[in-house]
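If you want the building blocks of each chain, they are given just below.
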Amino acid sequence: MGKVAVAFAAAAVVAACSVAAVMVSRRVKRRRKWRNVVEILKEFEEGCDTPVGRLRQVVDAMAVEMHAGLASEGGSKLKMLLTYVHDLPNGTEKGTYYALHLGGTYFRILRVHLGGERSYLDVQDVERHPIPSHLMNSTSEVVLFNFLAFSLERFIQKEGNESSSQGVKRELAFTFSFPVKHTSISSGVLIKWTKGFEISEMVGKDIAECLQGALNRRGLDIHVSALVNDTVGALSLGYYHDPDTVVAVVFGTGSNACYLERTDAIIKCQGLLTTSGTMVVNMEWGNFWSSHLPRTAYDIDLDAESSNPNDMGFEKMIAGLYLGDIVRRVILRMSQESDIFGPYSSVFSEPYVLRTNAVSAMHEDDTPELQEVARILKDLGVSDVPLKVRKVVVKICDVVTRRAGRLAAAGIAGILKKIGRDGGGGITSGRSRSEVQMQRRTVVAVEGGLYMNYTMFREYMEEALVEILGEEVRQYVVVKAMEDGSSIGSALLVASLHS
């Protein structure tokens, strides 16, 4: 072999070795990056862990905070607000009533006709509309309430001359899903906004008066008879159908709970008298906090960058507005540590770009190749994501949702513990089987899109309730879904005031 041939052969060997070295280097880098992704996922999963022991600590903390909130104003992060609702609908109500519900991302208007029997509940018309985003951050409440009054006027105009309410003053329930300090069942001032609303000049104003003023300006013969929290509406509908209903919880854009409390247990309002000896208490449980809650770095960052930092800590771990963004933050961290989402992963830098309904769809994707996950990521601008990466996304969704569902169950169990409906921990705490069997039947009314539409959230919540309460006690706790309960129940509440 000539010198030239030898040189070419040597050069070829060197080139081949160089190529091989580059390929090996790339494989090593890919493996290192993948290990980083796996480590991030493992760390996140451990940070969100909710073993039953931890859940029971959350239960105890919830019950303690409830006691403190009932004892004094400002005694707890739980506001434990009085609603002045002490007589719930019992099925004897008659007439036609209206409800306007201002909630998270939508508002609803409906009309209910009652015939004096529980079996005669006719929801005659329901309208559901998105809330224009500019109204959520308007500089004046007049703009928001004028819009609501206009929408209600159009709704009533559709009734025509055949409406049974024609010529009669209409009674309206205003379901308002934000913290309000009530002064009566029909009046109360806004404490603060949540769920993305920020009309600062409304804080401290009477909400019912704001709506009534807008209705009067349009010349509408409508009376705001009740100002009702959405949880109280859900409780009212639950009680209307089943008098064993004593707790109501909403899992939607935000989250909250209310329950029926003995008036003598509301120490901060001594001498409070009601005909029933009870009153519905609006917990505003979104602001609950305990060191036992499994908080991660992603939760801390979400809170710090939110419009209400150091506030609504429990809600930010269990409510629909936030779950998608927690998932997004984990994906963003992974994309920063590796290139597994390709060069377009900067889309994950945009807050709330990933909605919880998308998380639900990806989490519950049962196709062999996770096509729904691929489609949603593509819609976000991230294409050609490998199957193993899609599986990681599903796992992140599962970790976030599992924690949310299990913490939701702990919150419910905390209420049951406070009112003595948790079985005292079941047989394992020393109670005999006969004592457990004497447990009273308790119905928990649940409403909200997160609960209604996200199967895995619902299943994780149910599973955790069994773990916390024990199977013996759990059989006495009935969880009932309330479709449109917050709106229908509020109308029922107004009906009970006029029956």
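Going by the annotation in an unreviewed UniProt entry, the name recorded for the chain is Phosphotransferase, with Eruca vesicaria subsp. sativa given as the source organism. Recorded under Sequence similarities (unreviewed entry), the UniProt text for the chain is reproduced unchanged: "Belongs to the hexokinase family." Listed in UniProt under the heading Subcellular location (unreviewed entry), the comment for the chain reads: "Mitochondrion outer membrane".

**Let's talk about the sheet that holds strand β2 (residues 94–102)**
One open sheet accounts for five strands, arranged β4-β3-β2-β5-β8; its pairing is mixed. At either margin of the open sheet sits one strand with a lone partner, and together these are β4 (121–130) and β8 (222–228). Strand after strand, the sheet turns through a mean of 20° between neighbouring axes, direction not considered. On the sheet, helix α4 (residues 141–157) packs against β2, β3 (106–115), β4, β5 (170–176) and β8 and is oriented at approximately 40° with respect to β3.

**As for the packing of aromatic side chains**
The tally for this structure, following the rule as stated, stands at 12 aromatic pairs. Look at Phe-251 and Trp-285: their rings are 6.2 Å apart centre to centre, the planes differ by 45°, and that puts the pair in the tilted class. Of this pair, Phe-251 sits in strand β9 (residues 245–251) while Trp-285 sits in the loop between β11 (278–282) and α7 (297–304), placing them 34 residues apart in sequence. Side by side, Phe-251 and Trp-285 carry an identical accessibility label, which is buried.

**Overview of helix α9 (residues 320–337)**
Compared with the 26 Å implied by 1.5 Å per residue over 18 residues, the 27 Å span of α9 between its first and last C-alpha is a close match. In terms of residue burial, α9 counts as a mostly covered element, since 14 of its 18 residues are buried.

**Quick look at the pattern of salt bridges**
Under the defined criterion, the tally for this structure stands at 26 salt bridges. Residue Arg-441 pairs with Asp-242 through a salt bridge whose shortest N-O separation is 2.8 Å. Of this pair, Arg-441 sits in the loop between α13 (433–437) and β12 (442–447) while Asp-242 sits in the loop between α6 (230–241) and β9, and the two are 199 residues apart along the sequence. On the basis of relative accessible area, Arg-441 is assigned to the partly exposed category, the value being 34%. Close ionic contact of Asp-242 with Lys-480 constitutes a salt bridge, the shortest N to O distance being 3.0 Å. In this pair, Asp-242 is assigned in the loop between α6 and β9 and Lys-480 in strand β13 (residues 477–481), connecting sequence segments 238 residues apart. We classify Asp-242 as buried; its relative accessible area is 9%.

**Quick look at the packing of α9 against helix α12 (residues 387–418)**
The angle between the axes and the distance between the axes are what describe a pair of packed helices. Between α9 and α12, the shortest axis-to-axis distance is 10 Å and the interhelical angle comes to 140°. Classed by the angle they form, the pair α9 and α12 counts as oblique. Crossing hand, α9 versus α12: right-handed. From α9, Leu-323, Ile-326, Val-327, Val-330, Ile-331 and Met-334 reach across to α12, where they touch Val-392, Val-393, Ile-396, Cys-397, Val-400, Arg-403 and Ala-404. A breakdown of the residues in the contact of α9 with α12 according to their chemical character gives 12 nonpolar, no polar and one charged.

**Details of the sheet that holds β11**
Within a sheet, adjacent strands bond to each other through the backbone by hydrogen bonds, running parallel or antiparallel. On the basis of which strands lie adjacent, the open sheet formed by six strands has the order β1-β11-β10-β9-β12-β13 and mixed pairing. With one partner strand each, in any of the chains shown, β1 (81–82) and β13 form the two edges of the open sheet. In this structure, β9 lies alongside strand β10 (residues 255–262), joined through five bridges in antiparallel fashion. Opposite Val-249, over in β10, you have Ala-257 as the bridge partner. The sheet contacts of α6 involve β9, β10, β11 and β12, and relative to β9 the element is tilted by about 135°. Sitting on the sheet, helix α15 (residues 455–469) is in contact with β9 and β13, with an inclination near 165° to β13.

**Remarks on the side chain of Ser-76**
Among the structural elements, Ser-76 can be located in the loop between α2 (52–71) and β1. For Ser-76, a relative accessible area of 12% corresponds to the buried category. Excluding its chain neighbours within four sequence positions, the residues that come into contact with Ser-76 are Glu-65, Ala-68 and Gly-69.

**Describing the environment of Gln-57**
Checked against the element boundaries, Gln-57 lands in helix α2. In this structure, the C-alpha to C-alpha distance between Gln-57 and His-292, residues 235 residues apart in sequence, is 6.5 Å. One polar contact links Gln-57 to His-292, side chain to side chain, over a distance of 3.3 Å.

**Topic: helix α10 (residues 356–363)**
With six of eight residues buried, α10 is to be regarded as a mostly interior element. If you check which residues of α10 are buried, you get Thr-356, Ala-358, Val-359, Ser-360, Met-362 and His-363. Tucked into the core, α10 has its buried residues touching α9, α11 (371–379), α12, α14 (449–453) and α15.

**Things to note about the confidence of the model for the chain**
Close reading of the predicted structure is inappropriate where its pLDDT is low. Confidence along the chain averages 87 in pLDDT terms, with 88% of residues attaining 70 or more. In the model, residues 13–26 has pLDDT below 50 throughout and makes zero contacts with residues more than four positions away in sequence or in other chains. Between residues 425–437, whose pLDDT stays under 50, and residues either more than four places distant or in other chains, the model counts 18 contacts.

How each quantity is defined
Residues numbered from 1 in each chain as written. Predicted model: local features only at pLDDT ≥ 70, side-chain atom pairs only at ≥ 80, totals over all residues. Heavy atoms only, no water. UniProt positions renumbered as here; feature names shortened; annotations may be inferred. Pairing = 2+ DSSP bridges. Helix = DSSP H or I, 4+ residues; strand = E, 2+ residues; numbered from the N terminus. Axes fitted to C-alpha atoms, helices over the stretch in contact; angles between N-to-C directions. Contact = heavy atoms within 4.5 Å. Phe/Tyr/Trp six-rings, centres within 6.5 Å; stacked < 30°, edge-to-face > 60°. Buried < 20%, exposed > 50% of the residue type's maximum accessible area, 1.4 Å probe, protein only. Expected span 1.5 Å × (residues − 1). Salt bridge = Lys/Arg side-chain N within 4 Å of Asp/Glu carboxyl O. Parallel < 35°, antiparallel > 145°, perpendicular 65-115°, else oblique. Left-handed = near helix turned anticlockwise from the far one by under 90°. Nonpolar A, V, L, I, M, F, W, Y, C, P; charged D, E, K, R; others polar. Polar contact = N/O pair within 3.5 Å; in protein donor to acceptor, adjacent residues only side chain to side chain. pLDDT = per-residue confidence, 0-100.

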